[in-house]
Amino acid sequence: MRKIIFWVHTSIDGHIDGPNGEFDWPVMGEDLSAYSETLSKRSDTFLYGRGVWEGMVAFWPNAESMSDHPHVLKFAPLWRETPKIVFSRTLKETDWTSRIIGDDLAEQVAELKRQDGKDLLLTGGSSLAAALTEHGLIDEYHIAVHPVVLGGGRPLFVPRDERLGLRLTESRTCDSQVVVMRYERP
């Protein structure tokens, strides 16, 4: 069975974006870029919620014309080639996606996991991750903690009614500044 991997960047104070939605603070050094690329290569489908999707589709189709950062140059072709699924109740069509899922989240994602193929990579966001977590559908949480205090923004984890226990399976420091932790469900 395929796994869903949740890959997300957060500040030390637990926010995935700044108070005004800014996402200009993650620093993709060589080690962190390599870690991210390894997760991407484990996957044959990228998953996005609508909010993250809008940021991704605004940048990655023409990323090389906006940045010459080594991570951008390496990841942009992979991003364009990899099938992408967007989860949204309001988005009806968009370029660069293979599919939009708007309802029956738990059943549709469970069916994706049952299909043959490599893992599914959910990048960023918190709402979709929270919904998938509620249904027990995320298998691995890869959290990159960056050395910045944002003082506000969307929280990494939305409030839950129940506690979620996870098992730390790996931690590493990337580029002498970002701590990446990998958690699995027990």
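Here goes a summary of the coordinates provided. (Residues numbered from 1 in each chain as written. Predicted model: local features only at pLDDT ≥ 70, side-chain atom pairs only at ≥ 80, totals over all residues. Heavy atoms only, no water.)

### Quick word on the packing of aromatic side chains
Stage number 1. In total, this model carries ten aromatic pairs according to the counting rule given.
Stage number 2. Between Phe 6 and Tyr 141, the ring centres sit 6.2 Å apart and the planes meet at 85°, which makes this aromatic pair edge-to-face. On the criterion of sequence distance, the pair formed by Phe 6 in strand S1 (residues 4–11) and Tyr 141 in strand S6 (residues 140–146) is long-range, its members being 135 residues apart. Here Phe 6 matches Tyr 141 in class, with each residue buried.
Stage number 3. For the pair Tyr 48 and Trp 53, a centre-to-centre distance of 5.6 Å together with 45° between the ring planes defines the contact as tilted.
Stage number 4. Of the residues examined, Tyr 48 reaches a relative accessible area of 0% and is grouped as buried.
Stage number 5. The cationic tip of Lys 84 hangs over the ring face of Trp 79; the distance from NZ or CZ to the ring centre is 4.4 Å. (Phe/Tyr/Trp six-rings, centres within 6.5 Å; stacked < 30°, edge-to-face > 60°. Helix = DSSP H or I, 4+ residues; strand = E, 2+ residues; numbered from the N terminus. Buried < 20%, exposed > 50% of the residue type's maximum accessible area, 1.4 Å probe, protein only. Lys NZ or Arg CZ within 6 Å of the ring centre and 35° of its normal.)

### Re the pairing of S6
Stage number 1. By the criterion of burial, S6 is predominantly enclosed, with seven of the seven residues buried.
Stage number 2. By the alternation rule, side chains of S6 split into Glu 140, His 142, Ala 144 and His 146 and Tyr 141, Ile 143 and Val 145, which are all buried.
Stage number 3. Here S1 runs beside S6; their pairing, made up of seven bridges, is parallel. Counted as the bridge partner of Trp 7 is His 142 from S6.
Stage number 4. Examined bridge by bridge, S6 and strand S8 (residues 178–184) share six bridges and lie antiparallel to one another. If you follow Ala 144 over to S8, its bridge partner there is Val 180. (Pairing = 2+ DSSP bridges.)

### Structural notes on helix H1 (residues 30–42)
Stage number 1. Spanning 13 residues, H1 covers 19 Å between terminal C-alpha atoms, matching the ideal 18 Å at 1.5 Å per step.
Stage number 2. When H1 is considered as a whole, its buried residues turn out to be Leu 32, Ser 33, Tyr 35, Ser 36, Glu 37, Leu 39 and Ser 40. (Expected span 1.5 Å × (residues − 1).)

### A look at the pattern of salt bridges
Stage number 1. Scanning all chains against the criterion turns up 17 salt bridges.
Stage number 2. Measuring nitrogen to oxygen at the nearest pair gives 2.8 Å for the salt bridge that ties Asp 139 to Lys 113. Of this pair, Asp 139 sits in the loop between helix H5 (127–134) and S6 while Lys 113 sits in helix H4 (residues 105–114), and the two are 26 residues apart along the sequence.
Stage number 3. On the basis of relative accessibility, which here comes to 24%, the residue Asp 139 falls in the partly exposed class. (Salt bridge = Lys/Arg side-chain N within 4 Å of Asp/Glu carboxyl O.)

### Comments concerning empty space enclosed by the protein
Stage number 1. Evaluation of the coordinates by the stated rule reveals one cavity of 30 Å³ or more.
Stage number 2. Along the lines of polarity and charge, the residues of the lining of the largest cavity split into six nonpolar, one polar and no charged. (1 Å grid on protein atoms, 1.4 Å probe; cavity = no way out; pocket = protein on both sides within 12 Å on 5 of 7 lines; lining within 4 Å. Points joined across faces, edges and corners; volume = space filled by probe spheres on them. Nonpolar A, V, L, I, M, F, W, Y, C, P; charged D, E, K, R; others polar.)

### Considering the sheet that holds strand S5 (residues 119–123)
Strands pair in a sheet through their backbones, by hydrogen bonds, and they do so in one of two ways: parallel or antiparallel.
Stage number 1. If you trace the eight strands from one edge of the open sheet to the other, you get S4-S3-S2-S5-S1-S6-S8-S7, paired in mixed fashion. Bordering the open sheet on either side are strand S4 (99–101) and strand S7 (167–174), each of which pairs with just one other strand. Direction aside, neighbouring strands of the sheet carry axes that sit 20° apart on average.
Stage number 2. Each of strand S2 (43–49), strand S3 (84–87) and S5 is contacted by helix H2 (residues 50–59), which is oriented at about 110° to S2, the strand it contacts most.
Stage number 3. Sitting on the sheet, H5 is in contact with S1, S2, S3, S5 and S6, with an inclination near 135° to S5. (Axes fitted to C-alpha atoms, helices over the stretch in contact; angles between N-to-C directions. Contact = heavy atoms within 4.5 Å.)

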